Amino acid sequence: MANTMPHWDLLITDARIASMRAAAGAYGIIEDAALAVRDGRIAWLGAAAERPAVAATQTVSAAGQWLTPALIDCHTHLLFGGNRAAEFEQRLQGASYEAIARAGGGIMSTVNATRAASDAELLAAGCKRIDALQRDGVASVEIKSGYGLNAATELRLLRLAKQLGELRNITVSTTFLGAHAVPADFAGNADEYIDMLCSELLPQIASDGLADAVDAYCESIAFSAEQVNRLFARAAALGLPVKLHADQLSDTGGAALAARHHALSADHLEYSSTDGIAAMAAAGTVAVLLPGAFLTLRETQLPPVEALREHGVPIALATDCNPGTSPVASLRAIMALATSQFRLTPEECLAGVTRVAAQALGLHNDTGTLEVGKRADIAQWDLQHPRELSYWLGLNELRQLYVGGKTVHPNN
C-alpha cells in the first residue's frame, strides 16, 4: 500500500513571520514560528508550538530571522536597448521631459536603440536588471513591451520577457504597451496606429498568449482618452485585462478611464482628481505609485495619497525601471523613497510591494502573502523588525530568497 502520510519538502524553523495578510493585524506577525513547503506551495505556517508532527525532507533554521512574502515589482519597462543618460543630463540643465520628447528624444530614442539591439544584447541587459531586483528579495516582476512600436519588435519584446523569467527563475507577468508613443511612421496619425494595434497586433498577442495584460499611456504627448478607450474595449473583447499610465503630467481623466474599464491598476496618478479616485475605489482598481519617476523628473505635484486612503484604494509601489524617467533597479530604494516623498508608512510600503502589488497584477490568489496554498515565494531577512525594510537605504539584509520553495541565489 502506498504511503499516504503527509510529508513536507521543506520546513523552516526558528523564524519570525510577517505574513502581510490584511486581516492578521499589523504586518501579520507570528512570533516563534515555522513554515512548511510542499510541491512549491506553503503547506503550513504558524506558531512553532502548534506545528504538526509531519516529517520534512529538508529542515533549515531561520535563526530568529524574519520571513516575509518575496517582493513583487508590479510596474517595469526593464527590457530595452541603450540608455538615456544624455537626456538625464539635459534635464539637469533645465530641459523638460515634454520638450525632450517633442524634439525626438524620450521614448522614441529608446525605441530606435531597442529595434537595433540583438536578442542576446536585450536578454543580457535585462538579466542584469533582474539580478539587481532579486538581490532586493524580488520573486515576481511585471515587464512591459512598448519600446518596439512596430509589430515585429513588440512581439519580440514580449517573447524575450518570458525568456527572462526562465533564465532567472523569476515569475514574469508580461504587459503589452504598444500604445506607449506614436511611432514616426504614424506621425500625425495616432488614430490609425490605434486601429492597427486593435485589428492586427492585439489579436495575435491574445492568440499566442504573449501578454497577461494591456497597458496604454494616456497623456497629451501620447494618446487621448478616446483612443485608449478603443484599445481597452478591444482588449476586453479578447479577454485581456488592462492597466493604465494615468494622470502623470496632467489630469486627463485617466483614473476615471481606468476605473471605467475595471483596470487592474492605474499608475502614477500625480494629477488624479478626487472623482477619479472615487471611481477607482468603486471599480476595485489598484493605485500604483512610482517614486522613482517622481524623483528623476523632479516633480512637485504629489499623488493624492490622502484621497486614496480615504476612499480605500489599495496602494502598490513599483520601480518603473526604465531608461528615461526612472533608471531604478531597487525595489527597496523605492520603499524608502515612498516614505520620504509620499509619507507612506513602512507597513503600507511592505504591503505595496507584496499583497497589493500582487493584486495589481491579478496574482493575489497565488502570491503576495504567506498563506497556506499560496506559492512559496519567501524572503528571509536579518532584521529586528520588518519596518526596517523601508528604513535602510543601501543596506541589504536579504539572507535567503525562495521561489516556489526553491532557494535562489541572485547573481552578484
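Along every chain, residues carry numbers that run from 1 in the direction the sequence is written. Confidence filtering applies because this is a predicted model: local features only for residues at pLDDT of at least 70, side-chain atom pairs given and counted only at 80 or more, and all residues used for totals across whole chains, interfaces and linings. Side-chain metrics rest on all non-hydrogen atoms present in the structure, leaving aside hydrogens and water.

Description of the overall build of the protein
Turning to step 1, where the next piece is worked out: Helix and strand labels come from DSSP, where a helix needs a run of H or I of at least four residues and a strand needs a run of E of at least two; each type is numbered from the N terminus. Helix and strand content of the protein: 15 helices and 16 strands.
Turning to step 2, where the next piece is worked out: Radius of gyration (C-alpha) of the protein: 21 Å, near the 22 Å computed for a compact globule of 412 residues.
Turning to step 3, where the next piece is worked out: If you line up the protein on its principal axes, its C-alpha atoms span 70 × 45 × 40 Å.
Turning to step 4, where the next piece is worked out: The buried label applies to any residue whose accessible area, calculated with a 1.4 Å probe on protein chains only, is under 20% of its type's maximum; exposed applies above 50%, and partly exposed to all values in between. Counting across all 412 residues of the protein, residues that qualify as buried make up 58%.
Turning to step 5, where the next piece is worked out: Taking all contacts inside the protein whose residues are at least 6 apart in sequence as the whole, residues at least 24 apart take part in 72%.
Turning to step 6, where the next piece is worked out: For the area figures, the Shrake-Rupley method with a 1.4 Å probe applies, and any residue is considered shielded solely by the protein chains shown. In the form shown here, the protein has an accessible surface area of approximately 16000 Å², with 50% of it arising from carbon and sulfur atoms.
Turning to step 7, where the next piece is worked out: Charge counting follows a simple rule: Lys and Arg are positive, Asp and Glu are negative, and His as well as the terminal groups are ignored. To locate a charge, take NZ of a lysine, CZ of an arginine, CG of an aspartate or CD of a glutamate. Distance between charge centroids for the protein: 4 Å, based on 31 positive and 44 negative side chains. Radius of gyration here is computed from C-alpha atoms only, and the compact-globule reference equals 2.2 Å multiplied by the residue count raised to the power 0.38. Two residues qualify as a contact provided that any one of their heavy atoms is within 4.5 Å of a heavy atom in the partner residue.

Topic: the packing of aromatic side chains
Turning to step 1, where the next piece is worked out: Pairing of aromatic rings covers Phe, Tyr and the six-membered ring of Trp, with a centre-to-centre limit of 6.5 Å; geometry is then stacked below 30 degrees between planes, edge-to-face above 60, and tilted otherwise. Per the stated rule, a full pass over the model turns up six aromatic pairs.
Turning to step 2, where the next piece is worked out: Judged by centre distance (6.3 Å) and plane angle (20°), the rings of Trp 8 and Trp 44 are stacked. With Trp 8 in strand 1 (residues 7-18) and Trp 44 in strand 3 (residues 41-47), this pair connects stretches of sequence that are 36 residues apart.
Turning to step 3, where the next piece is worked out: By relative accessible area, Trp 8 is classed as buried at 3%.
Turning to step 4, where the next piece is worked out: Note on Tyr 193 and Phe 223: the rings are 6.1 Å apart at their centroids and 20° apart in plane angle, and the pair reads as stacked. Taken together, the residues span a long stretch of sequence, with Tyr 193 in helix 6 (residues 190-208) and Phe 223 in the loop between strand 9 (213-218) and helix 7 (225-237) at a distance of 30 residues.

Observations concerning the sheet that holds strand 7 (residues 138-144)
Whenever strands of a sheet pair, they do so through backbone hydrogen bonds, lying parallel or antiparallel.
Turning to step 1, where the next piece is worked out: For two strands to be treated as a pair, DSSP must find no fewer than two bridges joining them. Taken in spatial order, the eight strands make up an open sheet running 6-7-8-9-10-11-12-13, and their pairing is parallel. The outermost strands of the open sheet, each flanked by one partner alone, are strand 6 (71-73) and strand 13 (315-317). On average, each strand axis in the sheet is tilted by 25° relative to the strand beside it, whichever way the strands run.
Turning to step 2, where the next piece is worked out: With three bridges connecting them, strand 6 and strand 7 associate as parallel partners. Every axis in this analysis is a line fitted to C-alpha atoms, fitted for helices over the stretch in contact. Angles between the N-to-C directions lie between 0 and 180 degrees.

Re the confidence of the model for the protein
Detailed reading of the predicted coordinates is not advisable wherever pLDDT is low.
Turning to step 1, where the next piece is worked out: pLDDT measures how confident the predictor is about each residue, on a scale from 0 to 100. Per-chain confidence: the protein averages 95 in pLDDT, with 98% of residues scoring 70 or above.
Turning to step 2, where the next piece is worked out: When pLDDT is averaged over each element of the protein, strand 13 comes out on top at 99 and helix 2 (residues 97-102) at the bottom at 77.

Concerning unusual backbone geometry
Turning to step 1, where the next piece is worked out: Even without being a glycine, Tyr 27 presents a positive backbone phi close to 65°.
Turning to step 2, where the next piece is worked out: By the secondary structure assignment, Tyr 27 is in the loop between strand 1 and strand 2 (29-38).
Turning to step 3, where the next piece is worked out: With a relative accessible area of 8%, Tyr 27 lands in the buried category.
Turning to step 4, where the next piece is worked out: Its identity as a non-glycine residue notwithstanding, His 262 has a phi of 50°, on the positive side.
Turning to step 5, where the next piece is worked out: For His 262, a relative accessible area of 57% translates into the label exposed.

Examining the UniProt feature "binding site: Fe(3+)" (unreviewed entry) in the protein
Turning to step 1, where the next piece is worked out: Using the residue numbers shown here, the UniProt feature "binding site: Fe(3+)" (unreviewed entry) corresponds to His 75, His 77, His 245 and Asp 320. These annotated residues cover 246 residues of sequence, and their C-alpha atoms lie no more than 12.2 Å from one another, placing them together at a single site.
Turning to step 2, where the next piece is worked out: Mapping His 245 onto the fold places it in strand 10 (residues 243-246).
Turning to step 3, where the next piece is worked out: The exposure class of His 245 is buried, given its relative accessible area of 4%.
Turning to step 4, where the next piece is worked out: Contact partners of His 245, with chain neighbours within four places excluded, come to His 75, His 77, Lys 144, Leu 177, Asp 215, Ala 216, Tyr 217, Cys 218, Asp 267 and His 268.
Turning to step 5, where the next piece is worked out: A polar contact of 3.3 Å, which involves the side chain of His 245, links it to the side chain of His 77.
Turning to step 6, where the next piece is worked out: Following the sequence through the fold, Asp 320 ends up in the loop between strand 13 and helix 12 (331-342).
Turning to step 7, where the next piece is worked out: Residue class for Asp 320 comes out buried when judged on its relative accessible area of 2%. UniProt positions are given in the numbering used here, feature names are shortened, and annotations may be inferred rather than shown by experiment. The definition of a polar contact used here is a pair of N or O atoms within 3.5 Å, where within protein one atom must be able to donate a hydrogen and the other to accept one, and adjacent residues in sequence count solely through side-chain atom pairs.

Quick word on the environment of Phe 80
Turning to step 1, where the next piece is worked out: In this structure, Phe 80 sits in the loop between strand 6 and helix 1 (85-92).
Turning to step 2, where the next piece is worked out: Sequence-wise, Phe 80 and Gly 28 are 52 residues apart; in three dimensions their C-alpha atoms are separated by 38 Å.
Turning to step 3, where the next piece is worked out: With residues up to four places along the chain from it excluded, the contact list for Phe 80 reads Thr 110, Thr 114, Leu 122, Ala 125, Arg 129, Tyr 147, Asn 322 and Pro 323.

Considering the pattern of salt bridges
Turning to step 1, where the next piece is worked out: Salt bridges are counted wherever a side-chain nitrogen of Lys or Arg sits within 4 Å of a carboxyl oxygen of Asp or Glu. Inspection of the entire model under this criterion finds 20 salt bridges.
Turning to step 2, where the next piece is worked out: Between Asp 366 and Arg 375 there is a salt bridge, with its nearest N and O atoms 2.5 Å apart.
Turning to step 3, where the next piece is worked out: The buried category is assigned to Arg 375, whose relative accessible area is 15%.
Turning to step 4, where the next piece is worked out: Across the pair Lys 374 and Glu 371 runs a salt bridge whose closest N-O atoms are separated by 3.4 Å.
Turning to step 5, where the next piece is worked out: Its relative accessible area of 10% is what places Lys 374 among the buried residues.

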